[in-house]
2 protein chains.
Amino acid sequence: MKKCDVDYTLYLCTDRELMSTDTLEEAVTQAIEGGCTVIQLREKDCSSLDFYRTALNIRQITKKYNVPFIINDRVDIALAVDADGVHVGQSDLPAKEVRRILGPDKILGVSAARLPEAVKAVEDGADYLGVGAMYPTGTKTDARPVTMEELKEIRSAVNVPIVVIGGINLNTLDNFKNTGIDGLAVVSAVIGAKDIKKAAEAMAGRFREK
Amino acid sequence: MKKCDVDYTLYLCTDRELMSTDTLEEAVTQAIEGGCTVIQLREKDCSSLDFYRTALNIRQITKKYNVPFIINDRVDIALAVDADGVHVGQSDLPAKEVRRILGPDKILGVSAARLPEAVKAVEDGADYLGVGAMYPTGTKTDARPVTMEELKEIRSAVNVPIVVIGGINLNTLDNFKNTGIDGLAVVSAVIGAKDIKKAAEAMAGRFREK
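Residues numbered from 1 in each chain as written. Chains lettered and ligands numbered in written order. Predicted model: local features only at pLDDT ≥ 70, side-chain atom pairs only at ≥ 80, totals over all residues. Heavy atoms only, no water.

(A) Region of interest: the pairing of strand β4 (residues 85–88) of chain A. All names here are of chain A. Burial of β4 is two-sided: the residues Gly 85 and His 87 facing one way and the residues Val 86 and Val 88 facing the other way are all buried. A crossover connection joins strand β3 (residues 69–72) to the parallel β4 through helix α3 (residues 75–81); in handedness this β-α-β unit is right-handed. Where β4 and strand β5 (residues 107–112) come together, 4 bridges link them in parallel fashion. Note that in β5 the partner of Val 86 across the bridge is Leu 108. (Buried < 20%, exposed > 50% of the residue type's maximum accessible area, 1.4 Å probe, protein only. Helix = DSSP H or I, 4+ residues; strand = E, 2+ residues; numbered from the N terminus. Right-handed = clockwise from strand over helix to strand, strands pointing away. Pairing = 2+ DSSP bridges.)

(B) Local environment of the packing of aromatic side chains. By the definition in use, this model includes 6 aromatic pairs over all chains. When the centroid spacing of 6.1 Å and the interplanar angle of 75 degrees are considered together, the rings of Tyr 135 of chain A and Phe 176 of chain A count as edge-to-face. With a gap of 41 residues between them, Tyr 135 of chain A in the loop between β6 (128–132) and α6 (148–157) and Phe 176 of chain A in the loop between β7 (162–165) and β8 (183–186) connect regions that are remote in the sequence. In this structure Phe 176 of chain A comes out as buried when scored by relative accessible area, which is 1%. The interplanar angle of 55 degrees and the centroid separation of 5.6 Å between the aromatic rings of Tyr 11 of chain B and Tyr 128 of chain B together place this pair among those described as tilted. Of this pair, Tyr 11 of chain B sits in strand β1 (residues 10–13) while Tyr 128 of chain B sits in strand β6 (residues 128–131); the two residues are 117 residues apart in sequence, bridging distant segments of the chain. One aromatic cluster in this structure is built from Tyr 8, Tyr 11 and Tyr 128 of chain A. (Phe/Tyr/Trp six-rings, centres within 6.5 Å; stacked < 30°, edge-to-face > 60°.)

(C) Representation of the nonpolar core within the structure. If you look at the biggest cluster of nonpolar residues, it comprises 128 residues, and the most contacted ones within it are Ile 71 and Leu 129 of chain A together with Ile 71 and Leu 129 of chain B. When residues no more than four places from it in sequence are discounted, the contact partners of Leu 129 of chain B are Val 110, Ala 118, Ala 121, Val 122, Ile 154, Val 158, Val 160, Pro 161, Ile 162 and Val 163 of chain B. (Core = buried A, V, L, I, M, F, W, Y, C linked by side-chain atoms within 4.5 Å. Contact = heavy atoms within 4.5 Å.)

Below, the structure written as structure tokens:
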């Protein structure tokens, strides 16, 4: 998967606590079949070995469907399973260090909630930005939401793809049409849906209707 | 620090919860001044950014004293701060993957409690083994202690340096003289001592008296 070929339209961040299926493998398969174009594996509170084993499983699924596979935070796990890239937040390893460890060819995503964070992330080697939280959410409660004005400023300031995250669902996604962003990052709206495939289809379809 | 030059005599694993000082930096400095010959940084439940920042600080101290610096579990943090090596347990990334990510020159240590684990670790690229827990301890409670018989079997089976861990203190260290092991891995006996420097001096001194 070449960086330039990535379609950021519907970017799924996994969350075991929110998922509606028994296994993460089922959730990811259904999400991809519904139209998710990027899969980011997020694991908390598990051993490195368990994270690695899960990543190997998800890697198989994303390879089968030719969807890019991103690991949250753990650069070592990404290297161990040969993921397509890594996503880091502002409390993870600095983007500059991650880029150095990861080499030039892997995808590096960085979370940015404010303009200076966004500009620095791109300077430090980010290939795309996750901007948010756009709305208060259960999954990221600690920060003041990003305003639409801030999103526009970030969009004007950087030339890498942007996905918005945090409270993105069927009710809110229309707000991001005509903002110049490249995709929607979703957690509960897809992985927590009763029918994950349908939820992904509905969101990807609606976002593509311009 | 070349691998072959490492002196494993007194190998400190850090533990913030057990340390008697206010800061980890003080604890490590005192431990090295007392004679600890290797420092392994273990951090649990902190962000990757905090782990990285602590590692940068400890890296400065170990460089000043020319003592090898090992990171527990997180290969990415080790690469980011250019540590001398990584130590992995049986619940961390597999040693073989770690060796591949880390390259041939960094030190790779692996925890082994049983002979098959020890043999596999060396096959997979371990430069030294941490064998234990030798006694029941507060820091590693989940496993049956390694018997002296098992330790001897491991010592005969592998040709890399061995440090023993788990309940190693002034009362128990004499049991390991004449076993062919290379050093003592300590946690609470040094970092939890009222006087860390004196505790390290006493243990290193006693172990060197053959």
